[in-house]
Amino acid sequence: MSVGALAGRWLLPCVLAVSALLAPAKGRAAPPPAAAAVEIDRLISALADSGCEFQRNGRWYDAGRAQSHLRRKLDWLVERDMVASAEQFIERAATRSSVSGRAYQVRCPNRPAEPSATWLRRALEGIREPTPPSR
């Protein structure tokens, strides 16, 4: 048997086996803990409701488009079991472009643009602050 025939006979099964081992298992990725999932959802909603703009790869987008983008990135992380906290979400999905590596920015009315990580960490602090009892 020729070398080419041997390679053809064994190459495809080997590639498929390695691919199966490296691919994330469908349905096996655990969602983030409930408290983290709530915080992440509230962070994304806070940005969506902020009236601010979100810059990625040099273009400014409204907060609604930013929300959609960040939810897609969150879904990607969840599928790979790569997010267990709001801090991990900020660092792994909401700080920089995974394509270009450029930092995301947030620009709110009457305020200068700032890194999205700064804006989101501040928003997370606000989410985590205990609400004073109403009188």
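Thresholds, definitions, all that
- Residues numbered from 1 in each chain as written.
- Predicted model: local features only at pLDDT ≥ 70, side-chain atom pairs only at ≥ 80, totals over all residues.
- Heavy atoms only, no water.
- Salt bridge = Lys/Arg side-chain N within 4 Å of Asp/Glu carboxyl O.
- Buried < 20%, exposed > 50% of the residue type's maximum accessible area, 1.4 Å probe, protein only.
- Pairing = 2+ DSSP bridges.
- Helix = DSSP H or I, 4+ residues; strand = E, 2+ residues; numbered from the N terminus.
- Disulfide = S-S within 2.5 Å.
- Core = buried A, V, L, I, M, F, W, Y, C linked by side-chain atoms within 4.5 Å.
- Contact = heavy atoms within 4.5 Å.
- pLDDT = per-residue confidence, 0-100.
- Expected span 1.5 Å × (residues − 1).
- Polar contact = N/O pair within 3.5 Å; in protein donor to acceptor, adjacent residues only side chain to side chain.

Participant: Explain the pattern of salt bridges to me, please; I cannot follow it from the model alone.
Facilitator: In a structure, side chains of opposite charge can pair up when their charged atoms sit close to one another. A complete count under the given rule lists eight salt bridges for this structure. Of the charged contacts, one joins Glu114 and Arg122 as a salt bridge, the two residues approaching to 2.5 Å between their closest N and O atoms. A relative accessible area of 13% means that Glu114 is categorised as buried. When salt bridges with common partners are traced through the structure, they connect Glu39, Glu87 and Arg128 into a single cluster.

Participant: Please clarify how the pairing of strand β2 (residues 59-62) should be interpreted in this entry.
Facilitator: Working note: regular strand, side chains alternate between the two faces of the sheet. Bridging between strand β1 (residues 53-56) and β2 involves four bridges; their strand directions are antiparallel. For Arg56, the partnering residue across the bridge sits in β2 and is Arg59. Between β1 and β2, which pair antiparallel in sequence order, lie two residues; one of them, Asn57, sits at a positive phi of approximately 50°.

Participant: Got a minute to help me understand the sheet that holds strand β3 (residues 105-107) in this structure?
Facilitator: Picture the strands of a sheet paired through backbone hydrogen bonds; they go either parallel or antiparallel. Taking strand neighbours across the sheet as the criterion, the four strands line up as β2-β1-β3-β4 in an open arrangement whose pairing is antiparallel. Sheet topology places β2 and β4 (114-115) at the edges, where each strand pairs with a single neighbour.

Participant: Please clarify how the state of the cysteines should be interpreted in this entry.
Facilitator: Here, disulfide denotes a covalent bond that connects the sulfur atoms of two cysteines. Using the criterion set out here, one finds one disulfide in the structure. A sulfur-sulfur distance of 1.9 Å marks the disulfide that ties Cys52 to Cys108. Because the torsion about its S-S bond is 95°, the bridge between Cys52 and Cys108 counts as right-handed. You can see Cys52 sitting in the loop between α2 (34-49) and β1 and its partner Cys108 sitting in the loop between β3 and β4, a full 56 residues away along the chain. The buried category is assigned to Cys108, whose relative accessible area is 12%.

Participant: When you look at the nonpolar core in this model, what are you seeing that I'm missing?
Facilitator: Nonpolar side chains tend toward joint burial in soluble globular proteins. If you look at the biggest cluster of nonpolar residues, it comprises 25 residues, and the most contacted ones within it are Leu43, Phe89 and Trp119. Put simply, the parts of the chain that give this core at least two residues each are α2, α3 (63-79), α4 (86-93) and α5 (116-128). Top element by residues in this core is α5. It accounts for six residues. Not counting chain neighbours up to four residues away, the residues in contact with Phe89 comprise Ile40, Leu43, Ile44, Leu70, Leu74, Val83 and Ala94.

Participant: When you look at the confidence of the model for the protein in this model, what are you seeing that I'm missing?
Facilitator: Low pLDDT marks stretches whose predicted atomic positions should not be read closely. Taken as a whole, the protein shows an average pLDDT of 85; of its residues, 76% reach a score of 70 or greater. Note on residues 11-25: pLDDT is under 50 here. Beyond four places in sequence and across chains, it has two contacts.

Participant: Is there a simple way to explain α3 in this structure?
Facilitator: Residue pairs spaced three or four apart in an α-helix point in one direction, given the helix's 3.6 residues per turn. Taking 1.5 Å of rise per residue, the 17 residues of α3 would be expected to cover 24 Å, and the 24 Å separating its terminal C-alpha atoms lies within 8% of that figure. Summarising the contacts, the buried residues of α3 are in contact with α2, β1, β2 and α4. N-capping of α3 is provided by Asp62, with a side-chain oxygen placed 3.1 Å from the backbone N of Gly64.

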